[in-house]
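Observations on the model geometry
Okay, here's what each chain looks like letter by letter:
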Amino acid sequence: MDDCTFCGIVAGTLPSYQVAADEHAVAFLDIAPANPGHTLVVPRAHAADIWEITDADHVHVARLVRRVAALLEARLGPDGLNVVHSSGEAAGQEVFHFHVHLVPRWNGDDVRPMWDPAVASPEELTQVRRRLTGS
């Protein structure tokens, strides 16, 4: 994809701060990090989102996510780690090349959660489950 920023990074035609890579996926620091060490993991093959990525490429990305998570833990010693993926503009996706965010977290940091959790009613959960399962 000629106009895809992450394809350019994967191809080496755009600069990045790469921290890990294999033949299937690349990990590089986010240029607008939520916290130090905020890393993105992308497949080498272009796929816009979760609905487009192949099962095989998704597995390869997941393997590199685990490898990078171990690297972040060993080198930065965070208190926790958020692993986040967003598909589609409504979900906040800005670059339409599948990617996973790894955000190191420290107690007391200023990173906000994506939503305010509220307990759903049993009726609401039953209705959604029926829509999903057809039963």
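How each quantity is defined
- In every chain, residue numbers begin from 1 and rise along the written sequence.
- Since the coordinates come from a predicted model, pLDDT governs what is reported: local features require at least 70, and pairs of side-chain atoms require 80 or more to be given and counted, while whole-chain, interface and lining totals use all residues.
- Hydrogens and waters are ignored; side-chain quantities use all the structure's heavy atoms.
- Here a strand is any run of E in DSSP of at least two residues, a helix any run of H or I of at least four, and the numbering for each starts at the N terminus.
- Multiplying 1.5 Å by the helix residue count minus one yields the expected span of that helix.
- The classification of residues rests on relative accessible area computed with a 1.4 Å probe and restricted to protein chains. Under 20% of the type maximum is buried, over 50% is exposed, and intermediate values are partly exposed.
- Here, any two strands with at least 2 DSSP bridges between them count as paired.
- Every axis corresponds to a line fitted to the C-alpha atoms, with the helix fit spanning only the stretch in contact, and the corresponding angles, defined between N-to-C directions, vary from 0 to 180 degrees.
- By the convention used here, residues are in contact when the closest approach between their heavy atoms is within 4.5 Å.
- UniProt positions are given in the numbering used here, feature names are shortened, and annotations may be inferred rather than shown by experiment.
- N or O atoms closer than or at 3.5 Å make up a polar contact, with two conditions inside protein: a donor-capable atom paired with an acceptor-capable one, and, for residues adjacent in sequence, both atoms drawn from side chains.
- Only one rule defines a salt bridge in this text: a Lys or Arg side-chain nitrogen within 4 Å of an Asp or Glu carboxyl oxygen.
- Pairing of aromatic rings covers Phe, Tyr and Trp, the last counted by its six-membered ring, and requires centre-to-centre distances within 6.5 Å; plane angles under 30 degrees mean stacked, over 60 mean edge-to-face, and any other angle means tilted.

**Thoughts on helix α3 (residues 122–133)**
The terminal C-alpha atoms of α3, which comprises 12 residues, lie 16 Å apart, in line with the 16 Å expected from a rise of 1.5 Å per residue. Counting buried residues in α3 gives zero out of 12 residues, a small share hidden from the surface.

**Observations concerning the sheet that holds strand β2 (residues 25–29)**
An order of β1-β2-β3-β5-β4 is seen for the five strands of this open sheet, with the pairing classed as antiparallel. Two strands lie at the open edges of the sheet, namely β1 (18–21) and β4 (80–84), each paired on one side alone. Sheet twist, expressed as the mean angle between neighbouring strand axes with direction ignored, is 20°. As judged from the five bridges shared by β4 and strand β5 (residues 100–105), these two strands associate in the antiparallel manner. Residue pairing in the sheet places Val-84 in a bridge with His-101 of β5. Relative to the sheet, helix α2 (residues 55–76) contacts β1, β2, β3 (39–43), β4 and β5, its axis offset from that of β3 by approximately 160°.

**Brief notes about α2**
Under the 1.5 Å per step criterion, the end-to-end length of α2 is 31 Å for 22 residues, consistent within 8% with the ideal 32 Å. Gly-77 occupies a position one or two residues after α2 and carries a positive phi of about 60°.

**A short note on the pairing of β3**
Counting buried positions along β3 gives five out of five residues, so the element sits mostly inside the fold. Sheet topology note: the β3/β5 ladder contains three bridges and is antiparallel. Looking across to β5, one finds that Leu-40 is bridged to His-101.

**A look at the UniProt feature "active site" (unreviewed entry) in the protein**
Residues given the UniProt feature "active site" (unreviewed entry) here are His-99. Looking at where His-99 falls in the secondary structure, it is placed in the loop between β4 and β5. For His-99, a relative accessible area of 7% gives the class buried. The residues touching His-99, leaving out its near neighbours within four places in the chain, are Phe-6, Leu-40, Val-41, Val-42, Val-84, His-85 and Gln-93. At a separation of 2.7 Å, a polar atom in the side chain of His-99 contacts the main-chain carbonyl oxygen of His-97.

**As for the pattern of salt bridges**
This model, assessed by the stated rule, comprises two salt bridges. A salt bridge links Asp-109 to Arg-105; its shortest N-O distance comes to 2.8 Å. Two residues, Arg-112 and Asp-110, come together in a salt bridge whose shortest N-O distance is 2.8 Å.

**Observations concerning the packing of aromatic side chains**
Summed over the entire model, instances satisfying the criterion amount to one aromatic pair. Note on Phe-6 and Phe-28: the rings are 5.4 Å apart at their centroids and 70° apart in plane angle, and the pair reads as edge-to-face. Taken together, the residues Phe-6 in helix α1 (residues 5–11) and Phe-28 in strand β2 connect sequence positions 22 residues apart. Here Phe-6 matches Phe-28 in class, with each residue buried.

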